[in-house]
Amino acid sequence: MRSNKKYLVFILGIALSFIVACGSADADSGDPEPLPPNLVKVGDLKPTFYWVALETNDGQPRDQDLLDLDGRLLARISASFLAGIKMEGTGRMLDGRIINFHARVGTEIRWRFCPPSAPYGYGLEEYALKPFRSVAVDPTVVPIPSKVYIPAAKGAKLPDGTIHDGYFEAVDIGQAIQNQRIDIFTAMGDQSEVFKRNGLSNMKP
């Protein structure tokens, strides 16, 4: 993160809702910007970003099988797209279908197609992911579901022209999302620049 930015995690003192707050210092006074009331600090965070992986005509053979929970063949894809959906958890196929991590059977990942009600895939327990609004967390740090406030994201200009208010929902987890790491979902493909332009930098606490 750029100078004078800090990640802080806060707990809302109501109904066990958690708030993640990223404070920035005021350029004139050096004081942290005012935060919403009733917050309690629980630690600093390191942000990363994830998104829906996009299948392309990469010229590779489509010889990688995607199986559902019962072991039935869902689709055959290329090795590069398989690597992408393993990393991100969700992908959009060339025909427009959304493929999503479902569960593990032993060490093998099993997949599912998502309905129109989840056009960006699912997080944990079938919480539909929302572009620029969902985050993955370590649930021992931030419970699921929780409302999350990140002041450093406030003011970010979204692709549709609207301005972000800094609020997110913790609805996902990840194997690498542990301790003080938070993963911010950005929609179709890598659109992390939306937040990076506002001062959020990859793994910079």
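If you're wondering where the values come from, they're calculated on a predicted model, not measured in any experiment.

Each value, and the rule that gives it
Residues numbered from 1 in each chain as written. Predicted model: local features only at pLDDT ≥ 70, side-chain atom pairs only at ≥ 80, totals over all residues. Heavy atoms only, no water. Helix = DSSP H or I, 4+ residues; strand = E, 2+ residues; numbered from the N terminus. Buried < 20%, exposed > 50% of the residue type's maximum accessible area, 1.4 Å probe, protein only. Lys, Arg positive; Asp, Glu negative; His and termini not counted. Salt bridge = Lys/Arg side-chain N within 4 Å of Asp/Glu carboxyl O. Contact = heavy atoms within 4.5 Å. Arc of directions from axis to C-beta. Pairing = 2+ DSSP bridges. Axes fitted to C-alpha atoms, helices over the stretch in contact; angles between N-to-C directions. pLDDT = per-residue confidence, 0-100.

Looking now at the side chain of Asp138. Mapped onto the fold, Asp138 is located in the loop between strand S10 (134-136) and strand S11 (146-149). There is no salt bridge for the buried Asp138, and the closest opposite charge comes from Arg181, which lies 10 Å off by N-O distance. Among residues more than four places away in sequence, those in contact with Asp138 are Ile177, Gln178, Asn179 and Arg181.

Here we take up helix H1 (residues 79-88). Listing the buried residues of H1 in full gives Phe81, Leu82, Ile85 and Glu88. Looking straight down H1, one finds that the buried residues subtend no more than 145 degrees of arc, so they occupy a single side. Among the exposed residues of H1, those pointing more than 90 degrees away from its buried face are Lys86 and Met87. Check the buried side of H1 and you find it contacts strand S4 (46-54), strand S5 (64-67), strand S6 (73-77), strand S7 (90-92), strand S8 (98-105) and strand S9 (108-113). Positioned one or two residues after H1, Gly89 has a phi angle of 95 degrees, which is positive.

The next subject is the sheet that holds S9. The eight strands lie next to each other as S9-S8-S7-S4-S13-S10-S12-S11, forming an open sheet whose pairing is mixed. The open sheet has two free edges, formed respectively by S9 and S11, since each of these has just one partner strand. Across the sheet, the mean angle separating the axes of adjacent strands is 40 degrees when strand polarity is ignored. Direction of pairing for S11 relative to strand S12 (residues 167-172): antiparallel, over a ladder of four bridges. Following the sheet pairing, Lys147 is matched in S12 by Glu169.

Another aspect to go through is the confidence of the model for the protein. Any residue range with low pLDDT should be treated as having predicted coordinates unsuitable for detailed reading. Looking at the protein, the pLDDT average stands at 84 and 80% of residues meet or exceed 70. Within the protein, strand S1 (residues 5-12) has the poorest average pLDDT of any element, 34, and S7 the best, 98. For the stretch residues 1-31, pLDDT sits under 50, and the model shows 105 contacts to residues farther than four places along the chain or on other chains.

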